[in-house]
Every structure is written in C-alpha cells, then in structure tokens.
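Structure assessment
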Amino acid sequence: MAGFLSTLRRLYLTLYNWTLFFGWVQVFYFCIKQLKESGHQHVYNAVERPLQFSQTAAVLEILHGLVGLVRSPVSATLPQIGSRLYVTWGILWSFPEVRNHILVTSLVISWSITEIIRYAFYGMKETFGFAPSLLIWLRYSTFLLLYVTGISSEIGLIYLALPYMKESGKYSYRMPNKWNFSFDYFYAAILVLAIYAPGSPHMYSYMLVQRSKALSKSKKE
Amino acid sequence: MKVSVVSRSGREVVKGGIQLSDSASVADLQDAIHKRTKKFYPARQRLTLPVQPGSKERPTVLNSKKSLREYCSDNSDSITVVFKDLGPQVSYRTLFFFEYLGPLILYPIFYYFPVYQFFGYKAERVIHPVQTYAMYYWCFHYFKRIMETFFVHRFSHATSPLSNVFRNCAYYWSFGSYIAYYVNHPLYTPVGDLQMKIGFAFGLLCQVSNFYCHILLRKLRSPEGNGGYQIPKGFLFNIVTCANYTTEIYQWVGFNIATQTFAGYVFLVVAALIMTNWALAKHRRLKKLFDGKEGRPKYPRRWVILPPFL
C-alpha cells in the first residue's frame, strides 16, 4: 500500500513538474518570438494565457507543502507564489494600462528562465531520482541575478499601476456603510510595496542559504 | 567551589572559570559572570546544566534563588554550567508602557486633528456623540492599562527580550490607528442610540470587573514573589480560569457594539485568539499541577476563557 502511494505521488509530481516546465517554455518562447517580430509592447498579449495558467497552477505547490507531498515549507512558498499571483492577476490582468511597458518583458524573461530551470530540476528528480550537477548549479545560481531583475520588475509594475488604481477606484469599497468598512486597492498596493522592502532581502538570503546547502551537498556526492 | 561556564558549543565563556564560596547561590554566580564578561547582566543569562550530546531531553534551567550546591553532584567541588545569551532585555513594565502609549496617543490624533484631509476628505467634519464617547472610552482603557502596569501587576518574569518591544508595538500601534481611522471617519455611520448605550455600559462594566480581576491576581502573587502557581479564586475566577482575559475580551465586545466598525471586530477576533492560546496553556498547566493526588488540591471544573463557549 505504502509502495503504491509513493509511486502515485511520484507519478503525480512528475506530471505536475513537467507540465509546468512546458508551460513556462511556452511563455519564454512566445516572449522571445514576439520580441523579435514586433517589439516589447506586445509581449504581454503573446504570453498571457500560458503565463496565467502556469503561474496560477503554482498554487498547488503551496498545497503540496501543506499536505506534506514535498518538503518545502509553506512559509517560503506562500510569499513567493502569493506575490507572483498578485502581479499576474492583481496588476497585469487588472490594469491593462501597464502591459506595454518594457518591465513586462524583463519580468516575463526573469520568471520564465527561473521556472524552466526549477521545474526541469524537480522534474528530473521525480522522474529519474537525480538531477545533473549542471542543473543543480543553475537552479541555485541563476536566482542571484534573476531574482533581482524579477523582483525589480514586479515592484516597478506595481508602482506603474498605482495612478490607474487611484483613478479607476477598481476593487475598492467605500464608506459610508453600516459596518463602517472600506477597502482601498491603492493603499493595499502601497502596503504590498512596503512588505517587499523587508521581504525581498529576506527571501534572497533564504535562497543564499539554500544555495550553500545544495551546492556543498552536491559536491560531496 | 570551581564553576566552568561554557557556551552551547562548548567554548569557555569565562576564561579560567569562576571560583565561588561553597554557600554561593545561582544569583551570585550570575553576578560573577556579569563582572567578568561586563556585557551579560543577570537577566540576559540563561544557565543550564549540560546534557548528554545527542539526547533529546530538555536541559535543567538553574533557578537564581537556589543554592549552587543543589545542582552539584555529591561531594563534587566543581560544576559545569551552560551559558546562553538571551539578548538585550527590557523590563515588562517598559514593554507594556510603550505598547499602550501608542494607542493612547494615536487615537485622539484621529479625533482632534484634521488628518482626513490627507486622505482626500476636504469637507467640514461633523462629530457624532458616539465618536466622542468612544474616544474617552478608548483613552480610559489604555490609561487604565498603563496605570495597572505600574501599580497593580506583579510580573512572574522580570524581563522580556528587546525584540518583543518592536513586535508588540507594531501590533498595538497599527491596530490602534486602524480602528481610530474608522471610528473617527467623516463618513462614519453611527448605530442607534439604545445600541450605543448598551455597548458602552456593558463595556464599562467589563472594564471595572477587569480591574478587580487584576487586583485579585496581584493578591495571588505574594510580595516575596516565589513565582509558584496558585489556584485563582474569588469573583469571576470562581467560574473562569482566566477571568482577566474574559473581561478584557467582553470589554472590546462592548466597544464594538457601540461603535460597530469592521476594523474593531477584526481586532477583537485577533486579540481573542491570542488570549485564548494563553488561557488554554494556563488552564492545562493548572490542571496538571493541581491533580488532586498526594495531598495536592484538585483544580476545580471551570470555563477556560470564554463562557459560555470555552
């Protein structure tokens, strides 16, 4: 029974990781193709569907951590995936005004390369039980640069969307009402930006620790 | 007697160890460590007996009131203690004072000053009576808590880590401002007159009861402060283990009935959850301690914190 379950788990994770690998390959391919053919203004339109699909599917990763399917702690996956979902749906999908900005291109390239490597790494591990050392090195090294470009693009896009949030009042609920409740998407976005300030260095140093752990381990083997 | 003080990694903290008289207490040892290291005053020190490497059991913490002899193995004239730096400490009074000072100052700012202009509300603000009462109620509450901190509470631990000051202030100050923003808002919608009166009256009753609960708790801890646990008795403690939390929570219920803001109810739920965790821990500890065996009294059947629910 236990053997059956572990086979099932491996089968599922193999399928999951390779599906998302191909999802992000698509994002990357469409992005580059569009960039060559017509310029950065149209990158978003080219990648929208696969980007939304792949990024939203990552919610499952939080669940995997919660039910113990994988070992990565929820405290690490939740902020990472949460912030990505916020940018994907809460910014890019909700405020089309920012879509033609060059930061969308840097965002999509940073995210997709990171994720292609990451899912290839996990896909290999689930399918074959090991990952080539080059892949391990890439998995724990590319973030040194791509984290910086990715997070900068995220922050930049949230910042660019601010005036449109204020102007449109989208997703905002105002006083007066019986329960004296209000919600302002504009201020919520400023709060998100404020969380990025301590949050990003924290995640970066977390990844640095993971890097030294993973690379010293792979050297020993 | 010779004492070696080592860190958890086995490094010597005080070079050459410390020579103490045979009748020395743990407190004397802590003073000696302070003298030698300069930096680590007694409240910063956590002294334990060494444990076997690899063993999972928790180490014995040295009680500063006890004699060092009690921790020595028979006839031995030397002892090794493990030292851990707890980091900078502040007294509980300081911690509480700064926690409560924030809401006490921030709330009236929203009431008295034209802060809402910065949020885009230019029109003249009409203040409802409930907003005035709420401001006095709020300020009375935090003034009471500060006064209790200095004149009523007896703390079982003398100090708390400095980092808690920042964490707790962030919690109290931001929730205080969040609620103050809504209750004093120019577009605030008041509840009916009767509901307001019921809310404030119930809340005040709970605040007075809360004060009485704190007096009772003070009497429970003797001035010598042996720190031992006792069964709380009298007034609401005869029904609830943590009547002090009960009255605190219901006092916020009263405030929220009268003012009716979403923000206030969020705070109520968060505060109730935090206090429930504390109360459950205390209830379990008391039940375990007073199990009715070997002459120990049996802990009576009581609600934990929120009658008639828990």
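Residues numbered from 1 in each chain as written. Chains lettered and ligands numbered in written order. Predicted model: local features only at pLDDT ≥ 70, side-chain atom pairs only at ≥ 80, totals over all residues. Heavy atoms only, no water.

- Naming follows an unreviewed UniProt entry, where chain B appears as 3-oxo-5-alpha-steroid 4-dehydrogenase C-terminal domain-containing protein of Cucumis sativus.
- Recorded in UniProt under Subcellular location (unreviewed entry), the annotation for chain B is "Endoplasmic reticulum membrane".
- The heading Sequence similarities (unreviewed entry) in the UniProt record of chain B holds the text "Belongs to the steroid 5-alpha reductase family." (UniProt positions renumbered as here; feature names shortened; annotations may be inferred.)

- The name given to chain A in an unreviewed UniProt entry is Very-long-chain (3R)-3-hydroxyacyl-CoA dehydratase, and the organism recorded there is Cucumis sativus.
- Database annotation for chain A, UniProt heading Sequence similarities (unreviewed entry): "Belongs to the very long-chain fatty acids dehydratase HACD family."
- Listed in UniProt under the heading Pathway (unreviewed entry), the comment for chain A reads: "Lipid metabolism; fatty acid biosynthesis."

1. What to know about the UniProt feature "transmembrane region" (unreviewed entry) in chain A
Residue and element names in this part refer to chain A.
- Here, UniProt's "transmembrane region" (unreviewed entry) annotation points to residues 15–32, 102–121, 142–165 and 185–209.
- Along residues 15–32 one finds 100% helix and 0% strand; the C-alpha atoms at either end are 26 Å apart.
- Helix makes up 100% of residues 102–121 and strand makes up 0%, while its end C-alpha atoms are separated by 29 Å. (Helix = DSSP H or I, 4+ residues; strand = E, 2+ residues; numbered from the N terminus.)

2. Some points on the pattern of salt bridges
- By the definition in use, this model includes twelve salt bridges over all chains.
- The structure contains a network of salt bridges with shared partners spanning A:E61, A:R84, A:E115 and A:R118. (Salt bridge = Lys/Arg side-chain N within 4 Å of Asp/Glu carboxyl O.)

3. A word on the packing of aromatic side chains
- Under the counting rule described, the total for this entry stands at 53 aromatic pairs over all chains.
- Geometrically, the ring pair formed by A:F21 and A:F22 is edge-to-face, given 5.2 Å between the ring centres and 75 degrees between the ring planes.
- By relative accessible area, A:F21 is classed as buried at 16%.
- With relative accessibility at 52%, the residue A:F22 sits in the exposed group.
- A centroid spacing of 4.9 Å and a plane angle of 75 degrees characterise the contact between B:Y212 and B:F235, whose relative ring orientation is edge-to-face. You can see B:Y212 sitting in helix α5 (residues 193–220) and its partner B:F235 sitting in the loop between α5 and α6 (243–259), a full 23 residues away along the chain. (Phe/Tyr/Trp six-rings, centres within 6.5 Å; stacked < 30°, edge-to-face > 60°. Buried < 20%, exposed > 50% of the residue type's maximum accessible area, 1.4 Å probe, protein only.)

4. Description of the sheet that holds strand β2 (residues 18–19) of chain B
Residues and elements named next belong to chain B.
- Reading across from one edge, β2-β1-β4-β3 is the order of the four strands in this open sheet, with mixed pairing throughout. Among the strands making up the open sheet, the edge pair consists of β2 and β3 (45–48).
- Contacts from helix α1 (residues 26–37) reach β1 (2–6), β2, β3 and β4 (78–85), with the element oriented near 125 degrees to β3. (Pairing = 2+ DSSP bridges. Contact = heavy atoms within 4.5 Å. Axes fitted to C-alpha atoms, helices over the stretch in contact; angles between N-to-C directions.)

5. Brief notes about the UniProt feature "transmembrane region" (unreviewed entry) in chain B
All names here are of chain B.
- The feature "transmembrane region" (unreviewed entry), as annotated in UniProt, sits at residues 94–113, 170–188, 200–217 and 262–280 in this numbering.
- With 95% helix and 0% strand, residues 94–113 has end C-alpha atoms that lie 28 Å from one another.
- End C-alpha atoms of residues 200–217 are separated by 25 Å, and the span's content is 100% helix alongside 0% strand.

6. Digging into the nonpolar core
- Within the largest apolar cluster, 52 residues are counted, with the highest numbers of intra-cluster contacts made by A:L51, A:Y86, A:V87, A:I91, A:L92, A:I158 and A:M165.
- No other element matches helix α5 (residues 102–128) of chain A, which puts ten residues into this core.
- One finds B:W138, B:M196, B:I249 and B:L268 within the second-largest nonpolar core, a separate group that totals 48 residues. (Core = buried A, V, L, I, M, F, W, Y, C linked by side-chain atoms within 4.5 Å.)

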